[in-house]
Amino acid sequence: MALKSHLIPEPNLLNVADSAGILNLEQVFSRAAPVELEIGSGKGAFLLQMATAFPEKNFIGIEWANAYAAYAADRFRRHSHNHVRIVNGEALWWMRVHLADTTLDALHVYFPDPWPKSRHHKRRLIQKSFLQQSLRILKPAAPLHIVTDHAEYFEHMRHTFAEFGQFNIEPFISPLRSVGADFLVGTNFEKKYVAENRPFYSLIARKPG
Ligand SMILES: C[S@@+](CC[C@H](N)C(=O)[O-])C[C@H]1O[C@@H](n2cnc3c(N)ncnc32)[C@H](O)[C@@H]1O
């Protein structure tokens, strides 16, 4: 997807210098509120549903594809959703450098790239280093929600969580269920895969309380 020149990502694109270190999220959002983070937020379809349904919460989406990040930031600007920020960057690095311990009320990972070839498995998001960072930045009892269409990646995830051993694994419940959504998470990949009749695999990994 080429970067479209008519997009206006500011003010929803969050640009922070590497040297800024750990962020004060109350300052970022100009208010104290629960913060939820989506990794690989694409064009922002899930966060748009969430931000509309839960205006009392703050949301961050991290997306490393420049064009998608710009599209999503522009989208939230058009909706005047001042409680959403999009980061154009690599998630694990950004979490490590910029997020304080016990900061997040929820993490969301929907349809992460499966990297199916064995020699590419090391590129997968869900691995021990990611679980360590997630455990560090989530508040006690906060959930990490995951959905994938990829059976083998899901088995890899279950194995990785079992080996890590510090999350409680629960059945998936859509974070949008309370507002009557008739989809799991409403992302572009979910819509595409529903049309292809693909099965979905999902879980919640909850930090102990
Ligand atoms: C398969 S797409 C899914 C997008 C969206 N979640 C959906 O369900 O429609 C995966 C997205 O995650 C982004 N991504 C993959 N690894 C990432 C990482 N380490 N940090 C930030 N974004 C990442 C990709 O650029 C891509 O937009």
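Conventions and cut-offs
- Residues numbered from 1 in each chain as written.
- Predicted model: local features only at pLDDT ≥ 70, side-chain atom pairs only at ≥ 80, totals over all residues.
- Heavy atoms only, no water.
- Helix = DSSP H or I, 4+ residues; strand = E, 2+ residues; numbered from the N terminus.
- Rg over C-alpha atoms; globule rule 2.2 N^0.38 Å.
- Buried < 20%, exposed > 50% of the residue type's maximum accessible area, 1.4 Å probe, protein only.
- Contact = heavy atoms within 4.5 Å.
- Areas by Shrake-Rupley, 256 points an atom, 1.4 Å probe, with all protein chains shown as cover.
- Near = heavy atom within 4 Å.
- Polar contact = N/O pair within 3.5 Å; in protein donor to acceptor, adjacent residues only side chain to side chain.
- Nonpolar A, V, L, I, M, F, W, Y, C, P; charged D, E, K, R; others polar.
- Core = buried A, V, L, I, M, F, W, Y, C linked by side-chain atoms within 4.5 Å.
- Salt bridge = Lys/Arg side-chain N within 4 Å of Asp/Glu carboxyl O.
- Pairing = 2+ DSSP bridges.
- Axes fitted to C-alpha atoms, helices over the stretch in contact; angles between N-to-C directions.
- Parallel < 35°, antiparallel > 145°, perpendicular 65-115°, else oblique.
- Left-handed = near helix turned anticlockwise from the far one by under 90°.

J.: Hey, could you go over the overall build of the chain for me, with residue numbers and the actual values?
T.: Regarding its fold elements, the chain presents 7 helices and 7 strands. When the helices and strands of the chain are listed from N to C terminus, the series reads α-β-α-β-α-β-α-β-α-β-α-β-α-β. In summary, the chain has a C-alpha radius of gyration of 16 Å against a globular reference of 17 Å for 209 residues, a match within 12%. Oriented by its inertia axes, the alpha-carbon framework of the chain measures out at about 40 × 40 × 40 Å. For the chain, the residues scored as buried account for 48% of the 209 residues in total. In the chain, the share of contacts with a sequence separation of at least 24, taken over all contacts with a separation of at least 6, comes to 81%. Carbon and sulfur atoms make up 52% of the accessible area of the chain, which totals about 10200 Å².

J.: Give a detailed account of the site of the ligand, specifying residues and quantitative values.
T.: Within the structure, the ligand sits among 16 residues, and Gly40, Glu63, Glu90, Tyr110 and Thr187 are positioned closest to it. Between the ligand and the protein, one listed contact pairs an oxygen atom with a side-chain N or O atom of threonine 187 at 2.7 Å. The protein chains hide 89% of the 590 Å² of surface that the ligand would expose on its own. At the level of elements, β2 (58-63) and α7 (188-195) are the ones that each hand at least two residues to the shell around the ligand. Residue composition of the shell around the ligand, grouped by class: 8 nonpolar, 4 polar and 4 charged.

J.: Hey, could you go over helix α2 (residues 45-53) for me, with residue numbers and the actual values?
T.: Of all the positions in α2, only Ala45, Phe46, Leu47, Leu48, Met50 and Ala51 are classed as buried. Looking at the buried positions of α2, the neighbouring elements they touch are β1 (35-39), β2, α3 (66-78), β3 (84-88), β4 (106-110) and α7.

J.: With reference to specific residues and values, describe the nonpolar core.
T.: Core analysis: the biggest nonpolar cluster contains 37 residues, and Leu37, Ile39, Ile126, Phe130, Leu144 and Phe161 have the highest contact counts within it. Among residues more than four places away in sequence, those in contact with leucine 37 are Ile60, Ile62, Met95, Leu99, Leu104, Ala106, Leu107 and His108. Leu47, Tyr110, Val147 and Tyr193 belong to the second-largest nonpolar core, a separate cluster that totals 22 residues.

J.: Can you lay out the pattern of salt bridges for me, pointing to particular residues and giving the numbers?
T.: Applying the stated criterion across every chain, the model contains 9 salt bridges. Measuring nitrogen to oxygen at the nearest pair gives 2.6 Å for the salt bridge that ties arginine 124 to glutamate 152. Here arginine 124 is found in the loop between β4 and α5 (128-137), whereas its partner glutamate 152 is found in helix α6 (residues 151-164), with 28 residues between them in sequence. With a relative accessible area of 1%, arginine 124 lands in the buried category.

J.: I'd love a proper account of the sheet that holds strand β5 (residues 143-148), names of residues and values included.
T.: In spatial order, the strands read β3-β2-β1-β4-β5-β7-β6; together these 7 strands make up an open sheet with mixed pairing. At either end of the open sheet lies a strand with only one pairing partner, and these are β3 and β6 (168-170). When strand polarity is set aside, the average angle formed by the axes of neighbouring strands in this sheet is 20°. Sheet topology places β5 next to strand β7 (residues 201-206); 6 bridges connect them, and they run antiparallel. Bridging from a neighbouring strand, proline 143 pairs with arginine 206 of β7. Most of the contacts of helix α4 (residues 91-98) go to β1, to which it runs at about 150°, and overall it touches β1, β2 and β3. In the packing of α6 onto the sheet, contacts are made with β5, β6 and β7, and the angle to β7 comes to roughly 20°.

J.: Give a description of the packing of α5 against α6 that names residues and reports values.
T.: Taken N-terminus to C-terminus, the directions of α5 and α6 make an angle of 60°; their axes are 10 Å apart at the nearest point. Classified by the interaxial angle, the pair formed by α5 and α6 is oblique. Here the hand of the crossing between α5 and α6 comes out right-handed. Of the residues in α6, those in contact with Lys128, Leu131, Gln132 and Leu135 of α5 are Thr160, Phe161 and Phe164. Considered class by class, the residues forming the contact of α5 with α6 number 4 nonpolar, 2 polar and 1 charged.

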